[in-house]
Amino acid sequence: MTGGPDLLIVGAGPAGMSAAVVARRHGLDVLVVDEQSAPGGQIWRNIETAADTSRAGILGKAYSDGADVVRRFRASGAGYLPGARVWHLEPGPRAFIAQNGVARCIDANAILLATGAQERPLPFPGWTLPGVMTVGAAQILLKSSGQIPDEPVWIAGTGPLSLLYAIQLLKAGGRIAGFLDTAPSANLAGAFRELAGAFLGAPGDMLKGFGWLMALRRQVRFIGNVKEIEAIGNEALERLRYITANGRSATVDARLLFVHEGIVPTIHPTLALGCKHIWNAAQDSFAPDLDTWGETSVSDVFVAGDGARIGGAQAACHLGELAALRVAAKAGRLSRAQLAAVAAPVRKRLKAALAIRPFLDRLYRPRSAVFVPPEATLVCRCEEVSAARILEQAAAGRPDPNQVKAFTRAGMGPCQGRQCSYTVASLLAAKEGRTVPDVGLYRVRPPFKPITLAELAALDAGAVIP
Amino acid sequence: MFRKLQSLDEEVTVYVDGVAVPAEANESVAAVLLRQSPVWARTAPVSCSRRAPYCMMGVCFDCLATVDGIASTQTCLTPVRDGMLVLRQKGRRSVRP
Ligand code: FES
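Everything quoted here is computed from the prediction, not taken from an experiment.

Caption draft 1: Spotlight on the packing of helix α6 (residues 135-145) of chain A against helix α7 (residues 159-171) of chain A. Residues and elements named next belong to chain A. Across the interface, α6 lies against α7 with an axial gap of 10 Å and an inter-helix angle of 40 degrees. Considered as vectors, α6 and α7 are oriented oblique to each other. Both α6 and α7 take part in a crossing whose hand is left-handed. Along its contact with α6, which presents V135, G136, A138, Q139 and L142, the element α7 presents L161, S162, L164, Y165 and Q168. Residue composition of the contact of α6 with α7, by class: six nonpolar, four polar and no charged.

Now the structure itself:
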């Protein structure tokens, strides 16, 4: 090893910070790199500065809870590089990062990817118009910039985040023109079976969720069972059209539309590294294949948090702790027996934190148009490739995402398929009667984050350029 | 399209296509663009239609703009600095060091 840290952690959200604290407790040399300018991840974004403002009251207790974790992380003695992008990874493990216009390479004894989740891509006609954003984006603007829409917004989506943001927005004095609930009503039957487990395991969260729903239904126009939406406008959003599952449709004036269909693990880094992935059917997403400590198929590379499976902040903290314990044990800081003893209570808390998930996964399973959008929809936002053109490729005998990419440029733009790879796979699967895991995703090539030529040129001479 | 809940603390000035606009130290450039009218950051490469920040967390790349001379900067990941020059970006990215 070349004097790098014992453990390099990518991401300073719940999982990354908790892992850093535990790894430091066991005497490991830890370095945390993070894309944001302050610790907290998306869930606790900007918590250090927002904690003492009126925003904290609006954002609620689950947000304020992050302040403690951030404090412990700051006090842990872990090295911390904010504003740093990891753009390439190699077995070894070795990470290439760029920060302040300079690229460099870091060898570590172990790497923990705590890179969290992204919102599930949810293509629909008009979703590229200015005025259409994700609910997550709107919430980030509230957390990090203290800003809210200056006119009534439409919210269309499912999942706890849509509800939570709607409640926060009302508290902040914002206005909601209407809430289009897109969860298929058929989900209820499946969710009902998980209801008892969720109530026993997480009574507080369940009551909170129902409370939000009731409050929202009282205060804003609420339209359920919405099956399709379309954003209409020239240079920006002007109108919104929606159709419900029972055939009711309407077109309304709209300047702002926030959409959300849940979140999926960030898998670009593990795809680029060649880790084995599995299909998580309950969450309709791929995830890295991990052992019970979070280690991937590439040795000494771990994943923890929502990047492993969607489980929320609490579960993410525990997954981070487990990975850190395992790394410490591998480094000889804990015996096998000690490892088992310290991990047991963490596993118990993890189980409790995940109790509500089966219920949420079923209740908020996205409607089919999220996966297979109407033909006119731009699937690839970057290169402007429609669903119809993807389907043409399948008809022309090119059933592989990489072939489709080569022929249409879909997935070749700056986002490198982050917004279209699932949709391309779903379209090809639907057309050919296959499944998404069978079709698979695009290959991911380095760099998986943009890097400038100047940054590359500054890479230390000894490092291997991929 | 968006407004601040409170008056700016630690006010700085950034220039969006040459126009001086107030901003708050350390907020993202994309957040500032979302308070301008009309809201957009770049145009799409084929249709040339306008795009605005969509995800605010670095995954959609529709917030790309030229910031202090560096093309295709993800403005949602870039904190503002006093005197920063932001140019909305047209068409395909140009490769510039
Ligand atoms: S707004 Fe999506 S990458 Fe910046």
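Moving on from the coordinates now.
Caption draft 2: The pairing of strand β2 (residues 11-16) of chain B, seen in detail. All names here are of chain B. Burial along β2 is one-sided: V12, V14 and V16 are buried, while E11, T13 and Y15, pointing the other way, are not. Relative to strand β3 (residues 19-24), β2 runs antiparallel, the two sharing six bridges. Among the inter-strand pairings, T13 is bridged to a residue of β3, identified as P22. Between β2 and β3, which follow one another and run antiparallel, lie two residues, and D17 among them has a positive phi close to 50 degrees. As paired strands, β2 and strand β8 (residues 85-88) are joined by two bridges and run parallel to one another. Each residue of the ladder has a partner; that of Y15, found in β8, is L85.

Caption draft 3: Geometry of the pairing of β8 of chain B. All names here are of chain B. Alternating positions in β8 separate cleanly, V86 and R88 being buried on one face and L85 and L87 remaining unburied on the opposite face. Bridge analysis of strand β6 (residues 64-67) against β8 gives three bridges, and the strand direction is antiparallel. Bridging from a neighbouring strand, V67 pairs with V86 of β8.

Caption draft 4: Main features of the interface of chain B and chain A. If you look at the interface, chain B gives 39 residues, while chain A gives 50 residues. Across the chain B/chain A interface, buried area totals approximately 3,800 Å², and carbon plus sulfur atoms make up 56% of it. Contact with chain A buries area across many residues of chain B, yet M1, F2 and Y54 of chain B alone supply 22% of it, more than any other trio. For the pair chain B and chain A, the interface holds three salt bridges. Here E384 of chain A makes a salt bridge to R51 of chain B, at a shortest N to O gap of 3.9 Å. Taken together, the connections running from chain B to chain A amount to 14 residue pairs in polar contact (both at pLDDT 80 or more). Residue assignment for the side of chain B that touches chain A shows that the elements contributing at least two residues are β1 (2-4), β5 (50-51) and β7 (70-74) of chain B. Ranked by residues supplied to the side of chain B that touches chain A, first place goes to β1 of chain B with three residues. Here the side of chain B that touches chain A is composed, by residue class, of 25 nonpolar, five polar and nine charged. Where strand β10 (residues 147-149) of chain A meets β1 of chain B, three bridges bridge the pair, whose relative direction is antiparallel.

Caption draft 5: The domain arrangement of chain A, seen in detail. Residues and elements named next belong to chain A. Per the domain assignment, the segments making up chain A are domain 1 (7-118 + 264-334), domain 2 (132-261) and domain 3 (371-439). Between the C-alpha centres of domain 1 and domain 3 there is a distance of 30 Å. Listed per partner, the contact involves eight residues of domain 1 and nine residues of domain 3. Interface of domain 1 and domain 3: buried area, both sides summed, is about 700 Å²; carbon and sulfur atoms make up 65% of it. Seen at the junction of domain 1 and domain 3, the total is zero salt bridges. Here domain 1 and domain 3 share three residue pairs in polar contact (both at pLDDT 80 or more) between them. A breakdown of the residues in the side of domain 1 that touches domain 3 according to their chemical character gives four nonpolar, three polar and one charged.

Caption draft 6: Structural context of the packing of aromatic side chains. Applying the stated criterion across every chain, the model contains ten aromatic pairs over all chains. For the pair F73 of chain A and Y80 of chain A, a centre-to-centre distance of 5.5 Å together with 85 degrees between the ring planes defines the contact as edge-to-face. For F73 of chain A, a relative accessible area of 2% corresponds to the buried category. Judged by relative accessible area, Y80 of chain A falls into the buried class, the value being 18%. Ring centres 5.8 Å apart and planes at 90 degrees place the aromatic pair W127 of chain A and Y54 of chain B in the edge-to-face group. Of this pair, W127 of chain A sits in the loop between β8 (117-119) and β9 (132-134) while Y54 of chain B sits in the loop between β5 and β6, placing the two residues on different chains. On the basis of relative accessibility, which here comes to 0%, the residue W127 of chain A falls in the buried class. Residue Y54 of chain B is classed as buried on the basis of its relative accessible area, which comes to 1%. Connected via pairs of aromatic rings, a cluster forms that spans Y165 and F258 of chain A together with F2 of chain B. One cation-aromatic arrangement involves R347 of chain A over W293 of chain A; the distance from NZ or CZ to the ring centre is 4.4 Å.

Caption draft 7: Region of the structure containing helix α12 (residues 336-353) of chain A. All names here are of chain A. Spanning 18 residues, α12 covers 25 Å between terminal C-alpha atoms, matching the ideal 26 Å at 1.5 Å per step. Its axis deflected by about 30 degrees at A343, α12 carries its strongest bend there, up to four residues before the proline P345. Along α12, the residues that are buried comprise L339, A343, V346, L350 and A353. Looking at the buried side of α12, the elements it contacts are α11 (312-330).

Caption draft 8: Representation of the sheet that holds strand β15 (residues 239-244) of chain A in the model. Residues and elements named next belong to chain A. In spatial order, the strands read β14-β15-β16; together these three strands make up an open sheet with antiparallel pairing. Of all strands in the sheet, those bounded by a partner on one side alone are β14 (226-232) and β16 (249-253). Looking at each pair of strands side by side, their axes are set apart by 20 degrees on average, direction ignored. The pairing of β15 with β16 spans five bridges and is antiparallel. When the bridges of β16 are listed, Y242 appears paired with A250.

Caption draft 9: Spatial organisation of the sheet that holds β7 of chain B. All names here are of chain B. Strand order across the open sheet formed by five strands is β3-β2-β8-β6-β7, with mixed pairing between neighbours. Strands with a single pairing partner mark the edges of an open sheet, and in this sheet they are β3 and β7. Direction aside, the axes of adjacent strands within the sheet are offset by 40 degrees on average.

Caption draft 10: Structural view of the packing of α11 of chain A against α12 of chain A. All names here are of chain A. Closest axis-to-axis distance for the α11/α12 pair is 9 Å, and the angle between their directions is 165 degrees. Comparing their axes, α12 and α11 come out roughly antiparallel. Our pair here, α11 against α12, has a crossing hand that is left-handed. The segment α11 lies against α12, with Q314, A315, H318, L319, E321, L322, L325, R326 and A329 engaging L339, V342, A343, V346, R347, R349, L350 and A353. Of the residues in the contact of α11 with α12, the class split is eleven nonpolar, two polar and four charged.

Thresholds, definitions, all that
Residues numbered from 1 in each chain as written. Chains lettered and ligands numbered in written order. Predicted model: local features only at pLDDT ≥ 70, side-chain atom pairs only at ≥ 80, totals over all residues. Heavy atoms only, no water. Axes fitted to C-alpha atoms, helices over the stretch in contact; angles between N-to-C directions. Helix = DSSP H or I, 4+ residues; strand = E, 2+ residues; numbered from the N terminus. Parallel < 35°, antiparallel > 145°, perpendicular 65-115°, else oblique. Left-handed = near helix turned anticlockwise from the far one by under 90°. Contact = heavy atoms within 4.5 Å. Nonpolar A, V, L, I, M, F, W, Y, C, P; charged D, E, K, R; others polar. Buried < 20%, exposed > 50% of the residue type's maximum accessible area, 1.4 Å probe, protein only. Pairing = 2+ DSSP bridges. Buried area = accessible area lost by both parts, 1.4 Å probe. Salt bridge = Lys/Arg side-chain N within 4 Å of Asp/Glu carboxyl O. Polar contact = N/O pair within 3.5 Å; in protein donor to acceptor, adjacent residues only side chain to side chain. Domains from an automatic or database assignment. Phe/Tyr/Trp six-rings, centres within 6.5 Å; stacked < 30°, edge-to-face > 60°. Lys NZ or Arg CZ within 6 Å of the ring centre and 35° of its normal. Expected span 1.5 Å × (residues − 1). Bend = angle between axes of the 7 residues up to and from the residue.

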